[in-house]
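Examining the three-dimensional arrangement
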Amino acid sequence: IHALCGYFLFRIILILGYSRRKSLITAFIFCFTSYSFIFAQSTYEHHFEMLFILISLFFSLSRNIKYNFLYAGLIISIGLIFRSTTILLTPTILLLLKTNKERFLFLISIIPGVVILMLYNYYRFDNPLETGYSLAWMNTHGEDLEIWSLARIPEAIFGLFLSPAKGLLFFSPSIIFLIFFSKKVFQKNRKFANSILIFILIYVLLFSMNFAWDGSIWSFGPRYILPITPLLYIFLAELK
């Protein structure tokens, strides 16, 4: 799954107008120096979520593929089976699509996955919106547990990116180069860069509010933000 993620990252960078050489180099840097490589043998489902996010992005950018917007939505539908947070990519895809008709059909194509997930939740918990996580957390920590809190955001963001125990910078040190090349990417592909930034902000802010933002003691590194990792490496495409 990690290798497939590297492949689709390569294809996305090609579509953005970078040379085959730069696309390959960036994909290889991601594959062999990122947190995804370290975490690839984990039994958690985050790599699957990352894969479906990258495939959906690939289709949304592939204007030469007929009905690409439908494929992008169907891929998100499948991704929901693995992790419901795959749907957080929706605003990004809506920004990348060209027309309102494409956006409407894209949203329609997500519905099967949402319906299947809600039916599955209802079958298990008699509640289509209950995924089981909140029940497990409260059974473990007590009914008084505050699962989501805005007050956690500053500490969690520091922990997710800079903490030596969980920080992405420590588990993906090569990501530091994006600081030097992000401006060029924004100048060359402003719409794409802004849409990706929106996804990253939504994703990070959501998990920063969660009481278990660190991924628990069983997590090696910041596993909850693994799906944003390849998107950050896109900025390294400007490496000479």
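Thresholds, definitions, all that
Residues numbered from 1 in each chain as written. Predicted model: local features only at pLDDT ≥ 70, side-chain atom pairs only at ≥ 80, totals over all residues. Heavy atoms only, no water. Helix = DSSP H or I, 4+ residues; strand = E, 2+ residues; numbered from the N terminus. Rg over C-alpha atoms; globule rule 2.2 N^0.38 Å. Buried < 20%, exposed > 50% of the residue type's maximum accessible area, 1.4 Å probe, protein only. Contact = heavy atoms within 4.5 Å. Areas by Shrake-Rupley, 256 points an atom, 1.4 Å probe, with all protein chains shown as cover. Lys, Arg positive; Asp, Glu negative; His and termini not counted. Charge placed at Lys NZ, Arg CZ, Asp CG, Glu CD. Polar contact = N/O pair within 3.5 Å; in protein donor to acceptor, adjacent residues only side chain to side chain. Phe/Tyr/Trp six-rings, centres within 6.5 Å; stacked < 30°, edge-to-face > 60°. Salt bridge = Lys/Arg side-chain N within 4 Å of Asp/Glu carboxyl O. Axes fitted to C-alpha atoms, helices over the stretch in contact; angles between N-to-C directions. Parallel < 35°, antiparallel > 145°, perpendicular 65-115°, else oblique. Nonpolar A, V, L, I, M, F, W, Y, C, P; charged D, E, K, R; others polar. Arc of directions from axis to C-beta. Disulfide = S-S within 2.5 Å.

**With respect to the overall build of the chain**
Broken down by element type, the chain carries 13 helices and zero strands. Counting from the amino terminus, helix and strand elements in the chain follow one another as α-α-α-α-α-α-α-α-α-α-α-α-α. Computed over its C-alpha atoms, the radius of gyration of the chain comes to 18 Å, within 12% of the 18 Å expected for a compact globule of 240 residues. In terms of overall dimensions, the chain has C-alpha extents of about 55 × 45 × 30 Å along its principal axes. Every one of the 240 residues in the chain was classed for burial, and the buried ones make up 52%. Of the contacts formed within the chain by residues at least 6 apart in sequence, a portion of 71% connects residues at least 24 apart. Accessible surface, the chain: about 12,100 Å² in total, of which carbon and sulfur atoms supply 69%. Mean positive and mean negative side-chain charge positions of the chain (20 and 11 charges, respectively) differ by 23 Å.

**Section: the side chain of T85**
With respect to the element layout, T85 can be found in the loop between helix 5 (68–82) and helix 6 (90–96). Residue class for T85 comes out buried when judged on its relative accessible area of 12%. A distance of 2.7 Å separates a polar atom in the side chain of T85 from a polar atom in the side chain of E49. Ignoring sequence-local partners within four residues, the contact set of T85 consists of E49, Y203, L206 and F207.

**Notes on the packing of aromatic side chains**
Applying the stated criterion across every chain, the model contains 18 aromatic pairs. Judged by centre distance (5.2 Å) and plane angle (20°), the ring pair of Y35 and F39 falls under stacked. Note on accessibility: Y35 and F39 belong to one class, buried. Measuring from ring centre to ring centre gives 5.6 Å for Y35 and F171, while their planes differ by 70°; the resulting arrangement is edge-to-face. Remark: F171 occurs in helix 10 (residues 168–171) and Y35 occurs in helix 3 (residues 35–38); sequence separation between them is 136 residues. One aromatic cluster is present, built from ring pairs that chain together Y7, F8, F58, F59 and Y71.

**Overview of the pattern of salt bridges**
Under the definition given, this model contains four salt bridges. Note that R63 and E102 form a salt bridge whose closest N and O atoms lie 2.8 Å from each other. A residue pair is termed long-range when its members are at least 10 positions apart, and R63 in the loop between helix 4 (46–61) and helix 5 and E102 in helix 7 (residues 100–125) qualify at 39 residues. R63 gets classed as partly exposed once you look at its relative accessible area, which sits at 40%. Notably, a salt bridge pairs E238 with K188, separated by 3.2 Å at the nearest N-O pair. Residue E238 is found in the segment after helix 13 (229–233), and its partner K188 is found in helix 11 (residues 178–188); the two are separated by 50 residues along the sequence. On the accessibility criterion, E238 (4% relative accessible area) is buried.

**Examining the packing of helix 11 against helix 12 (residues 190–208)**
Two elements in contact, helix 11 and helix 12, have axes separated by 5 Å at closest approach and are oriented at 120°. Classified by the angle between their axes, helix 11 and helix 12 sit oblique to one another. Packed against helix 11, whose contacting residues are V185, F186, Q187 and K188, the element helix 12 presents R190, A193, N194 and L197 at the interface. Classifying every residue of the contact of helix 11 with helix 12 by side-chain character gives four nonpolar, two polar and two charged.

**A look at helix 9 (residues 153–162)**
Where helix 9 is concerned, the buried positions are I153, A156, G159 and L160. End-on view of helix 9: buried residues confined to an arc of 135°, all on one side of the axis. Structural note: helix 9 exposes P154, E155 and F158 on the side pointing more than 90 degrees away from its buried face. Its buried side turned inward, helix 9 meets helix 10 and helix 12.

**Description of the state of the cysteines**
Here the structure, examined in full by the defined rule, presents zero disulfides. Looking at the unpaired C5, the closest cysteine sulfur is the one in C31, lying at 8.4 Å. For C5, a relative accessible area of 0% translates into the label buried. The buried category is assigned to C31, whose relative accessible area is 12%.

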